[in-house]
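So you can see what is in the structure, the chains are spelled out below.
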Amino acid sequence: MEERSLNPWRRLLALPNESRFKTVVMAFLVSAICGALVSGATVLLRPIQAANRAAEEAARIAALVRGIPGMASLLETTGGALSTVVVDLNRGRAAQTVTPATLDAALADPANWLVLDPAQDLAGLGQRPDFVQIFLLRDEDARLSLVLLPVSGQGYGGQIDAILALGSDLNTVAGLAVTSQSETPGLGGRIEETAWQEGFAGTQMRDPSGTVRFRVAQGAAGGPYEVDGITGATRTGRGVTGMMRFWLGPDGYGPLLEAMARGEF
Amino acid sequence: MTELHSRTGVWHTLTSPLVHQNPVILQILGICSALAVTTSMATALTMSAALTVVLTLAAGLVSIIRGHIPETIRLIVQIVIVASLVIVIDQILQAFFAELSRALSVYVGLITTNCLVLGRTEAFARHNPPLPAMIDAFGNGLGYSLVLIVIGSLRELLGRGELLGFAVLPLADAGGWFTPLSLMLLAPSAFFLLGLLVWAVRTILIEQSEPEEHAPPPRQEVTR
């Protein structure tokens, strides 16, 4: 039995290397073994990587909140916790049926995504989820003092994910944390640097008429609606501009922010 | 006698890539990643370890099947093996060293295209048994690591006044005397340092200087 099963294998190895059959079989074997190796490693390690990413995002949210002046003391007085809520972007209010626990399941359903036409799609996303989990921080009188909004958009090298913190007027940026990006290291990748992200604090997003005026400048920031551009990363800057304009506009958090301004939260 | 001979042979295979046959300094292989990840010691060390592991394993695997690699597809077979190992290492780094993996960004993936790896599997592992092939690969990995560590430590020391994140030179900001050279953290400084290193080594080891036939054809305005 052993001998017979080994035989074809021996015959294969005995073939000259230039034989077409052996070439094809070797190519197949090498690809199959390497494929199994790569898939095995990816599948086995994915849970650890996902946990890493989740921990990193939580750490960034915590660091973002801590970095905003006055927030650390506010966190202490309110019991040290952010509240979180899933919002329905189409209706501009808290989602009735979706909770943070069921958010992933809801977003697996294509019906819960809005396909964007090119004129709407300032962030280059193609589609936008109807439900997003946001984080809120309230002061002693239960008024909103900080709103953390996840945003994402197409940069130069891939998607940029960030969390934007708006102050109590829902227009002044309190801070920004980039949670994931794949821009060119050393150029667009510098959006990860805190020095650049600190430039967002105090920037205004919309003008009094409600139009989103924010943009990443080409060079140094001029005026209350701009942050400094990064030299050599024009398209990354444009991506960040588009991302903010989309998410604070009517197809993003616009309706939600209006509802918050009316005191419906 | 043969025992002694083979042992000095192994020792020679392992140590000659460190200085005398250094893949980066002498053969100028793999300098893209060598320049990109040397802004600090931590990234340089991680990259060195990743490349050494990939190179050693790839050399071993290629050497094991060396008798059965069809000539027509030998480069593809070698690249597939190297690429798979690189992906596995990258996944392991992402899982257990997430912070360093982010700092290295694309450069771990680019080990696949590092000429050094393919150079060793093609030139050595394909013609030698697994053990010498892996020793040779390990030695070359160490040679690459040595250059990365030298350049990485110089850049981190002069660019930030630190080594492995610990302050070594007192910074002027904090009341010391050392003003960091931020040029050292940018890509061009890696070229300068590598150039100076190659110059220094070739001045000491005169036999590494390239012979005349590699010089460009003489031109009127250049020759004096």
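Reading the values: the criteria
- Residues numbered from 1 in each chain as written.
- Chains lettered and ligands numbered in written order.
- Predicted model: local features only at pLDDT ≥ 70, side-chain atom pairs only at ≥ 80, totals over all residues.
- Helix = DSSP H or I, 4+ residues; strand = E, 2+ residues; numbered from the N terminus.
- Buried ≥ 20, exposed ≤ 12 C-beta atoms within 10 Å, placed from the backbone.
- Contact = placed C-beta atoms within 7 Å.
- Expected span 1.5 Å × (residues − 1).
- Core = buried A, V, L, I, M, F, W, Y, C linked by C-beta atoms within 7 Å.
- UniProt positions renumbered as here; feature names shortened; annotations may be inferred.
- Pairing = 2+ DSSP bridges.
- Nonpolar A, V, L, I, M, F, W, Y, C, P; charged D, E, K, R; others polar.

Once that is clear, we can look at the overall build of chain A. In terms of helices and strands, chain A carries seven helices and 10 strands. Looking at the 265 residues of chain A, the share that counts as buried comes to 27%. Within chain A, residue pairs in contact and separated by at least 24 positions form 55% of the contacts whose partners lie at least 6 positions apart.

With 31 residues, helix α7 (residues 130-160) of chain B extends 43 Å between its outermost C-alpha atoms, agreeing within 8% with the 45 Å of an ideal straight helix rising 1.5 Å per residue. A positive backbone phi angle near 70 degrees is found at G161 of chain B, which sits one or two residues after α7 of chain B.

Within the largest apolar cluster, 51 residues are counted, with the highest numbers of intra-cluster contacts made by V54, A58 and I81 of chain B. Of all the secondary-structure elements, those providing two or more residues to this core are α2 (20-67) of chain A together with α2 (31-36), α3 (41-64), α4 (74-96), α6 (115-123), α7 and α8 (187-204) of chain B. Among the elements that take part in this core, α3 of chain B stands out by supplying 11 residues, more than any other. In this view, A58 of chain B contacts I81, V82, L85, V117 and T121 of chain B; residues no more than four positions away in its chain are not counted.

Glancing now at the UniProt feature "modified residue: FMN phosphoryl threonine" (unreviewed entry) in chain A. The positions UniProt marks with the feature "modified residue: FMN phosphoryl threonine" (unreviewed entry) are T234 of chain A. Looking at the secondary structure, you find T234 of chain A in helix α6 (residues 234-248).

Residue and element names in this part refer to chain A. Of the strand pairs in this sheet, strand β5 (residues 131-138) and strand β6 (residues 144-154) are connected by four bridges, and their pairing is antiparallel. Each residue of the ladder has a partner; that of R138, found in β6, is L144. Note: β6 against strand β7 (residues 159-166), eight bridges, orientation antiparallel. Each bridged residue has a counterpart across the sheet, and for L148 the counterpart in β7 is A165. The antiparallel pairing of β6 with β7 creates a hairpin that spans four residues between the two strands.

Frequently, the measure chosen for interface size is the accessible area that the parts lose on association. Contact residues are listed per partner, giving 21 residues for chain A and 19 residues for chain B. In terms of residue count, α2 of chain A provides more of the side of chain A that touches chain B than any other element does, 16 residues in total. Of the residues in the side of chain A that touches chain B, the class split is 11 nonpolar, seven polar and three charged.

A few words now on the pairing of β7 of chain A. Residue and element names in this part refer to chain A. In terms of burial, β7 is largely enclosed, as six of its eight residues are buried. Across six bridges, β7 lies against strand β8 (residues 173-180) in antiparallel orientation. Directly across from L164, in β8, lies its bridge partner L176. Hairpin connection from β7 to β8: six residues lie between these consecutive antiparallel strands, with L170 at a positive phi of about 60 degrees.

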